[in-house]
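# Coordinate inspection notes
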Amino acid sequence: MTGGRSHLVWWLLVGATLLFLFAPVAVVLLFSFNAASTTSLPFAGFSLRWYERAFGDHQFVVALLNSVKVAIVVAIFTAVVGTSAAFALSRRRSRWLDLFSSFVTAPLILPTLFLGIALLSFYTQIGLRPWLGTAMIGHALVTLPFVVLIVNARLMRLDRSIEEAARDLGATPFQSFRLIVLPLVAPALLGAILIVVAWSFDELVITFFTSGGDATLPVRIWGMLRRGIDPSVNAMASIILLTTIACTLLAGRFISGREIAR
Amino acid sequence: MGTGTGRVTRDDPAGEAAIAVEGVCKRFGTTTALDGVSLRVEPGTFVSLLGPSGCGKTTLLRIIGGFEHADAGSISIHGVRVDRLPPNRRPVNTVFQRYALFPHKSIFENIAFPLALQRVPRAEQRARVAEMLDLVRLPGIEARSPAQLSGGQAQRVALARALIGRPRVLLLDEPLAALDLKLRKAMQLELRRIQEELGTSFLYVTHDQEEALTMSDWIVLMSEGRIAQQGTPAEVYERPANVFASGFIGEANLLPGIVAATDGTTARVRLADGGAEVTAPANGVRSDQPVVVSVRPERLRIGRAGSANGAENRIPGRLTRRVFLGNIRREFVAIGPDLVLVAQRGVDAEPIPNGEPVEVSWQAANTILLPDEGASHGG
């Protein structure tokens, strides 16, 4: 039987892949706590000095706040617009809506480099000066499909007669939405928002093209890396990493597999 | 099979109907769901909309509830036209087939939902919810969640929720379809008890003819978007107006044939298959008219050939099969090359072995002649 051996080969392959994927992540995280002032072995002891230094850097703090602002504005915008769009898509069937649905989801598959360049030249054409707000528009464009698709999937699984029962028992369309539909959709919506935040928080390419002088955290890190590696970059990257991982894990608790598998 | 309790109040036809449907038409794309349906539900009665799936009965109920809009015709509820009103402004409530309880709300919140919308004081809400739960015989379950209920309990809660606003008319869309047979039978009697206790008019959609016969004061039988027949349960069972009604309500032997002779009161019909002749009340048929002879299985008697019993119609045949159903026996008798009659006999009747020549007999008065519309001859 070669079964045992092929099993071993299989596991080695899986192990090597995981190592290749996650070793760099672990290295960055580890070195962000390294006391030594170079990003190299040996490990010189645990220290928070790079975090202190990062937070002592005014430009870093501005970039971090910019990232938070973008994430919050984009999350609120996509939640409101995405939920409305999902509601329309799940409630009415028409060719126009099918077309609309393809348009909404298109940014998901367009390369971000292309989107970044396209947005920048568009802003230039209409005389809009790139700043944090234009970066938010770019983020919203790409993250809207997440919200629309996830919330729409949840609405599709919702028994229509639950809404009809609410209307039948005296609720106006708005009351039925607020008291019945929204609470039932809320977990999926919250999950979608967390995915949007995770995506927005580490987005570089579109932000780089469209934010003008207002750097977000990834843009700031990119700028610093061009001047050589300072270990405080590891600390900044780790902040992004932990935020993204936390959001994604939390999102998974709110959205069932069926809703992501779209 | 029971009949209604006969509480039909039709003595005031000019009075205000609980529901008046006038010439309602509805099309979905190229399919016609409703083709000029008119009916009245008298106040305080239990009316069933009966028919096979796809006959338009649920569409009609949804139009009355306000979930669909008719292309033509009008709906009035207690004298008020409701065609343009949304569901929340119609004086009717609906019990849905799949209960449609709000999964994120407790049983109390579910039942009190209409009261909460009207900002009824909390103490009154509590009292009325308790009263409703007593009515549906589920006292004290206010704190539970819908996920903790069985199907039968969920449907009782849905009923309590639909009734708490004290609607004068309740619409029920196959509310028992998802329950098992035994529970369904118990719930049929429960529904009837609640309807009589409250005096609310019920319009009940079902595809189960036995359910309709058990519960209703009035049955509206639908087929392909039209009303095939309406009447009391006894009327539609004893005097079906057409082949469809005869085959759909109860069981019937449907035998196509041609009227050989008629004197206006009785007619003689030659059966297409086997050529035997049958005597029946004329029911307005003319000579040479193609008709369908309808006889209920329980009206047939089976005896050994030549046994006298005074029945006008006697056809020789051969016993082909017997099915034991507990309280009755069902026997199949071949009377022509492709013609088999179904008869029903008590379990105490003298057993006749399979393959024996027998004589099927029944009285002319128990025979119904129906115009042959070229419809299906099943049954």
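Residues numbered from 1 in each chain as written. Chains lettered and ligands numbered in written order. Predicted model: local features only at pLDDT ≥ 70, side-chain atom pairs only at ≥ 80, totals over all residues. Heavy atoms only, no water.

Turning our eyes to something else, we now look at the overall build of chain B. The helix and strand inventory of chain B stands at eight helices and 20 strands. Principal axes of the C-alpha set define a box for chain B whose edges measure 80 × 45 × 40 Å. Put simply, chain B has 379 residues, and 52% of those count as buried. Residue pairs at least 24 apart in sequence account for 67% of intrachain contacts in chain B once pairs closer than 6 positions are excluded. Total accessible area on chain B is roughly 16800 Å²; 50% of this is exposed by carbon and sulfur atoms. For chain B, the centre of its 44 positive side-chain charges and the centre of its 42 negative side-chain charges are spaced 6 Å apart. (Helix = DSSP H or I, 4+ residues; strand = E, 2+ residues; numbered from the N terminus. Buried < 20%, exposed > 50% of the residue type's maximum accessible area, 1.4 Å probe, protein only. Contact = heavy atoms within 4.5 Å. Areas by Shrake-Rupley, 256 points an atom, 1.4 Å probe, with all protein chains shown as cover. Lys, Arg positive; Asp, Glu negative; His and termini not counted. Charge placed at Lys NZ, Arg CZ, Asp CG, Glu CD.)

Another aspect to go through is the pattern of salt bridges. Residue and element names in this part refer to chain B. By the definition in use, this model includes 26 salt bridges over all chains. As a salt-bridge pair, Glu 277 and Arg 270 come within 3.4 Å of each other at their nearest N and O atoms. The class for Glu 277 is partly exposed, based on a relative accessible area of 28%. Taken together, the salt bridges that share partners define one network made up of Arg 137, Arg 156, Glu 190, Arg 193 and Glu 197. (Salt bridge = Lys/Arg side-chain N within 4 Å of Asp/Glu carboxyl O.)

What follows deals with the interface of chain B and chain A. Listed per partner, the contact involves 21 residues of chain B and 17 residues of chain A. Summed over both sides, the interface between chain B and chain A buries roughly 1700 Å², with carbon and sulfur atoms accounting for 62% of that surface. Of all residues in chain B, B:Asn88, B:His104 and B:Leu117 give up the largest surface area on contact with chain A, accounting jointly for 31% of the area buried on that side. The tally of links between chain B and chain A comes to two salt bridges. (Buried area = accessible area lost by both parts, 1.4 Å probe.)

Next up on the list: the domain arrangement of chain A. By convention, interface size is frequently given as the accessible area that disappears when the constituent parts associate. All names here are of chain A. If you check the domain split of chain A, you get domain 1 (1-31) and domain 2 (49-261). The distance between the C-alpha centroids of domain 1 and domain 2 comes to 32 Å. Listed per partner, the contact involves four residues of domain 1 and five residues of domain 2. In this structure, the connection of domain 1 to domain 2 is made through zero salt bridges. On the surface where domain 1 and domain 2 come into contact, there are zero residue pairs in polar contact (both at pLDDT 80 or more). The residue inventory of the side of domain 1 that touches domain 2, partitioned by class, reads four nonpolar, no polar and no charged. (Domains from an automatic or database assignment. Polar contact = N/O pair within 3.5 Å; in protein donor to acceptor, adjacent residues only side chain to side chain. Nonpolar A, V, L, I, M, F, W, Y, C, P; charged D, E, K, R; others polar.)

All names here are of chain B. Predicted confidence across chain B gives a mean pLDDT of 89, with 94% of residues reaching 70 or more. Within the model, pLDDT remains below 50 along residues 1-13, and this stretch shows 34 contacts once partners closer than five positions in the same chain are excluded. The low-confidence segment residues 375-379 (pLDDT under 50) makes seven contacts with residues lying over four places distant or belonging to another chain. For this predicted complex, the interface confidence comes out at an ipTM of 0.82, alongside a pTM of 0.82. (pLDDT = per-residue confidence, 0-100.)

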